[in-house]
Amino acid sequence: MIIKTQGVILSQRSYRDNEKYLTILTKDCGLIEARIRVFGQIKRTIFQSICPPGYYKMDLFVNKQMYYTVDTIEKIEDFFTLRYDVEKLALAGYFCELTQALVPAKEHVWVYLRLLLNTLYLLEQEKRSPLFLKAVFELRSLSISGFMPNLVCCRECCEYEQKQMYFLPLEGELICSDCMQEHPVQRNDLPILLNKPVLSAMRYIIYKDFDKLFDFSLSPVYLKQLSQVTEYYMLTRLEKEFNSLVMYKQLKTEEP
Ligand SMILES: [Zn+2]
């Protein structure tokens, strides 16, 4: 059976000189692995050019055992200019790796695909800074994957805003400084005191409609804290190392 679909290549592994396996987030089949080889319409130059985080239109052949083979493939957007900047390329790789870790294999994946494509586009076009995109992507992708923190109000007194609000990464909740004195938090949780603009930004990222997701700004000092909090929250919830994140952090230059 042939399935016509579109998808982003999240990762690839070489098999032979003229054959490799692609992990693809497809619009119609979810997250799949598909074999591609130099054959028929897939010439060697096309084969070599196909790599993460490219977005392609494709025909997939699927057999009874549900093994996928790429039959034809055509570029929609290859985000080619990202390759001129190693820092951005590493970050794009991290967005792909995080998506691969979060996306449910069979379920409706359009929401993940849309977030990933928009983030890659803004990164490539330099419409937003890498640090901004990293923070937004981390928190929003976790939120759509069942890890949405509850940032409505203090979990004890239900105040929306107190002088000092702490974020509890392990529980994904807020607690104000007054309540924290009366209600000790879990011993292994690490409360993070949030600056007001950082809390507002976190609320914005998880609750805002997708169309307006990237339409806010934050000064560099708060952006730095936001990125530290979202990354720490991600690592706490997923308990997983991301090689691409380690690489990105090694390559990263300080934001102005
Ligand atoms: Zn409180």
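Residues numbered from 1 in each chain as written. Predicted model: local features only at pLDDT ≥ 70, side-chain atom pairs only at ≥ 80, totals over all residues. Heavy atoms only, no water.

Undergrad: I would appreciate a short explanation of the sheet that holds strand E4 (residues 55-62) in the present structure.
TA: Strand pairs in the sheet, formed through backbone hydrogen bonds, run parallel or antiparallel to each other. An order of E1-E2-E3-E5-E4 is seen for the five strands of this closed barrel, with the pairing classed as mixed. Taken over all neighbouring pairs, the strand axes of this sheet differ in orientation by 50° on average, direction set aside. Where strand E3 (residues 30-37) lies against strand E5 (residues 68-77), two bridges are found, and the strand directions are parallel. Of the residues in E5, the one forming a bridge with Ala-34 is Tyr-68. Its contacts with the sheet place helix H2 (residues 86-102) against strand E1 (2-16), strand E2 (19-26) and E3, and it is angled at close to 110° to E1. Sheet strands touched by helix H3 (residues 110-124): E1, E2, E4 and E5. Its angle to E1, the strand with the most contacts, is close to 65°. (Pairing = 2+ DSSP bridges. Helix = DSSP H or I, 4+ residues; strand = E, 2+ residues; numbered from the N terminus. Axes fitted to C-alpha atoms, helices over the stretch in contact; angles between N-to-C directions. Contact = heavy atoms within 4.5 Å.)

Undergrad: Quick question: what am I supposed to make of the sheet that holds strand E7 (residues 165-168) here?
TA: The four strands are arranged E6-E8-E7-E9 in an open sheet whose pairing can be described as mixed. With one partner strand each, in any of the chains shown, strand E6 (150-154) and strand E9 (192-194) form the two edges of the open sheet. Averaged over all pairs of adjacent strands, the angle between strand axes in this sheet comes to 35°, irrespective of strand direction. Alignment of E6 against strand E8 (residues 173-176), held across two bridges, turns out to be parallel. Each bridged residue has a counterpart across the sheet, and for Cys-154 the counterpart in E8 is Leu-174. Packed on one face of the sheet, helix H7 (residues 220-238) meets E7 and E9 and runs near 140° to E9.

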